[in-house]
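# Survey of secondary and tertiary structure
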Number of protein chains: 2
Amino acid sequence: MARVYNFCAGPAVLPLEVLEEAQATLIDYRGSGMSLMECSHRGKEYMAVQDEAVANLRELLRLTDDYAVLLLQGGASGQFAMVPMNLLPPGSVADYTRSGIWAIKAIKEAKLIGKVNVAADTADALPTRVPRVDELTLTPGAAYVHLTSNETISGAQWKAFPRTDAPLVADMSSDMLSRPFDATQFGLIYAGAQKNLGPSGVTLVVVRKELAKRVPATVPMIFRYQTHIDEGSMYNTPPCFSVYILMLVTRWIKKVGLETLYRRNVDKAARLYAAIDASGGYYRGSAAKECRSDMNVTFRLPTEALEEQFAKESSAAGLKQLKGHRSVGGLRASIYNAFPVEGVDALVAFMKDFQRRNG
Amino acid sequence: MARVYNFCAGPAVLPLEVLEEAQATLIDYRGSGMSLMECSHRGKEYMAVQDEAVANLRELLRLTDDYAVLLLQGGASGQFAMVPMNLLPPGSVADYTRSGIWAIKAIKEAKLIGKVNVAADTADALPTRVPRVDELTLTPGAAYVHLTSNETISGAQWKAFPRTDAPLVADMSSDMLSRPFDATQFGLIYAGAQKNLGPSGVTLVVVRKELAKRVPATVPMIFRYQTHIDEGSMYNTPPCFSVYILMLVTRWIKKVGLETLYRRNVDKAARLYAAIDASGGYYRGSAAKECRSDMNVTFRLPTEALEEQFAKESSAAGLKQLKGHRSVGGLRASIYNAFPVEGVDALVAFMKDFQRRNG
């Protein structure tokens, strides 16, 4: 069986050993005579899975007891609504940084629920970029400050986070656990799992417990963080198999080491950006150099026709899913934690060859 | 590998051939060089899965073009909120039948959003039962009428549905596709997948398109049925692997035939109820005879100590998860579509033996 190099932005490549373990246990989970998909979510098999997932996440994020780790459903798009439903009561204002398509979606949803101030706007900047910390116009007494730590589509990433008086809330869907950071600087972090953490269908929320108490009494039970804190993410039936894969991935991250993964991620990205910068302008990085993403390397070719040809020929060569997001075009190499450096080198070689043939 | 008899109420037993196919494709999905969990949700591999799932559901439910089939996240508990958020605008009233613990949860959530009239209340009846059609006190001009087609915990099931002027909305989580019925009698049907349809993490919603237009403009985009109709359940990244298993299960239902499954389900339930009724009062069915569920057979023993012993000894004999829901106690045999008649016969034999030893 030949594994391809899968540059998909998400759902994305998973560690092979995770898939092998999932395959081995699929029909008979650890001698239970059942698939984990068939096990009661309140039985000992699944509870051990969820408990380990939460413990691994707490350890990897070095969380204090002030924080709850929740495993929910609905992805980041669900959190675009849940965050303001819980944290933006009538009469208050939330500061949002408008840094790209995902931030815009978060803002659009928040505006249906409460008052939003755009604290900085770089969404239309070219090259693409996220705001500098000194650019933020924050509202005194804001309910919270929201940012998108890595814009998956534009390929721009926050390299350091602002210190804010108001609780800092971050959509970390595409760079969660790709680098060490101080989680206690945040009031709430969320991430759809399908980039660095696991398959689609499970959403990680890390929330300061104190903050969850802010929820207005009119919010449905299912959309309150407090409900899921009280019930240990078991208020409704969890997405058990997705949580299982996430648990295996966090186990793998612990084994490799977060610092090691971070060094590997920086190295992988550096190889691609070096290839772009050495191409004499044939390849042009889409993001400003100071915020080039280590996760999503976005670049353009001289013409859209060449971009189309590049995507087609690279796919035929086993370098899959390099086409940029349909909303912006160009090329995008997503190189999350589980993406191997060999695939990066294969892409670099392909880029040189493609330029030689079409330069 | 020995498969146990898994009587779990959900997540529940899946067809073995579905698990075998999922296992075979887990690392390399149909020669793609990727797991389906790693495939883009907009790529041809996943799109074919979702398209087939929706087509199978449309065929099995004999839906007209007036209906949309949505594959969402959040389970029935999510729908307890989404239904009134979409269909219960300020100034209107929804009629709810209060038939058990799941109906009570639906009512509690709806009351946070709008005005609720309890059209019939059998939640505290013993033996457990659902309302008769002639018991409903409906509100003229109600926004909708809500019922729970099968109360998984109490083991009481609607055998025929009321004809209502207002759109009929049903939580069919635990008997969806266990029997043929006229779906066009309903305005909206929802079901968490983890009983008859697949694993946890995906939620089926069938909604009359006209009804989805009723949503107030203040509802977050992610919680509008209209959003998911417009985007073909791709507004956010779907729970791809759960949808894949659901697709395989619907393919299996089509192969076996819904009428055949229904006959099998009625037969399986009849064998258990016959064993209960033939026990001379040693076993007592929890539900009133006219609404005994074909999915969840609930019964009691003379004492709680004997119930405890029964649960323990049956588990040791490979008859798993027979303990009743923690909120009501007793015993419960959940015998969904994929549960084999051999397991029912094994339970009947165990019941006779247990009574002989402890009668």
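Shown above is the structure to which this text applies.
Reference entry: report on the structure contained in this document.

Definitions and cut-offs
Residues numbered from 1 in each chain as written. Chains lettered and ligands numbered in written order. Predicted model: local features only at pLDDT ≥ 70, side-chain atom pairs only at ≥ 80, totals over all residues. Heavy atoms only, no water. Pairing = 2+ DSSP bridges. Helix = DSSP H or I, 4+ residues; strand = E, 2+ residues; numbered from the N terminus. Contact = heavy atoms within 4.5 Å. Axes fitted to C-alpha atoms, helices over the stretch in contact; angles between N-to-C directions. Buried area = accessible area lost by both parts, 1.4 Å probe. Salt bridge = Lys/Arg side-chain N within 4 Å of Asp/Glu carboxyl O. Polar contact = N/O pair within 3.5 Å; in protein donor to acceptor, adjacent residues only side chain to side chain. Least-squares fit on C-alpha atoms with pLDDT ≥ 70 in both. Buried < 20%, exposed > 50% of the residue type's maximum accessible area, 1.4 Å probe, protein only. Phe/Tyr/Trp six-rings, centres within 6.5 Å; stacked < 30°, edge-to-face > 60°.

All names here are of chain A. Taken in spatial order, the 3 strands of this open sheet run S11-S12-S14, and their pairing is antiparallel. Each end of this open sheet is capped by a strand with a single partner; those strands are strand S11 (284-285) and strand S14 (331-334). Here 4 bridges tie strand S12 (residues 296-300) to S14, and the two strands are oriented antiparallel to one another. The residue bridging Asn296 from the neighbouring strand is Ser334, located in S14. Taken strand by strand, helix H8 (residues 258-277) contacts S11, S12 and S14, and its axis lies near 10° from that of S12.

This part takes up the interface of chain B and chain A. Often the size quoted for an interface is simply the accessible area lost on bringing the parts together. Tallying the contact residues gives 63 residues for chain B and 63 residues for chain A. Roughly 5,000 Å² is buried in total at the junction of chain B and chain A, and carbon and sulfur atoms are behind 61% of that figure. Ranking the residues of chain B by area buried against chain A places Ile27(B), Met37(B) and Glu38(B) at the top, with a combined share of 14%. The interface formed by chain B and chain A holds 2 salt bridges in total. Here Arg3(A) makes a salt bridge to Glu38(B), at a shortest N to O gap of 2.8 Å. At the junction of chain B and chain A, the tally comes to 23 residue pairs in polar contact (both at pLDDT 80 or more).

Superposing chain B onto chain A takes a rotation of 180° plus a shift of 0.0 Å along the axis, which leaves an RMSD of 0.0 Å. Put plainly, the chains are arranged around a two-fold axis. A share of 100% of the interface residues of chain B reappears at the interface of chain A, consistent with the copies meeting face to face through the same patch.

Cis geometry is adopted by the peptide bond preceding Pro11(B), which originates at Gly10(B) and carries an omega value of -10°. Cis rather than trans, the peptide bond between Leu126(B) and Pro127(B) has omega equal to -5°. Within the secondary structure layout, Pro127(B) lies in the loop between strand S4 (115-121) and strand S5 (145-148). Not every positive phi belongs to a glycine, and Gln321(A) is a case in point at roughly 65°. Of note in this structure, Arg30(B) is not a glycine but carries a positive phi near 50°. Summarising the element assignment, Arg30(B) is placed in the loop between helix H1 (16-24) and helix H2 (44-60). Exposure remark for Arg30(B): the relative accessible area of 66% places this residue in the exposed category.

So, about the packing of aromatic side chains. Residues and elements named next belong to chain A. In the structure shown here, the tally under the stated rule is 34 aromatic pairs over all chains. Centroid distance Tyr29 to Tyr244: 5.4 Å. Interplanar angle 90°. Geometry classified as edge-to-face. With a gap of 215 residues between them, Tyr29 in the loop between helix H1 (16-24) and helix H2 (44-60) and Tyr244 in helix H7 (residues 240-256) connect regions that are remote in the sequence. Of the two residues examined, Tyr29 and Tyr244, each falls in the buried class.

Once that is clear, we can look at the pairing of strand S3 (residues 93-98) of chain A. Residue and element names in this part refer to chain A. When you tally the buried positions in S3, you get 5 out of 6 residues, the bulk of the element. Note that S3 and strand S4 (residues 115-121) share 6 bridges and pair parallel. From the neighbouring strand, Arg98 faces S4, where its bridge partner is Asp121. Where S3 and strand S5 (residues 145-148) come together, 2 bridges link them in parallel fashion. Paired with Asp95 across the bridge in S5 is Val145.

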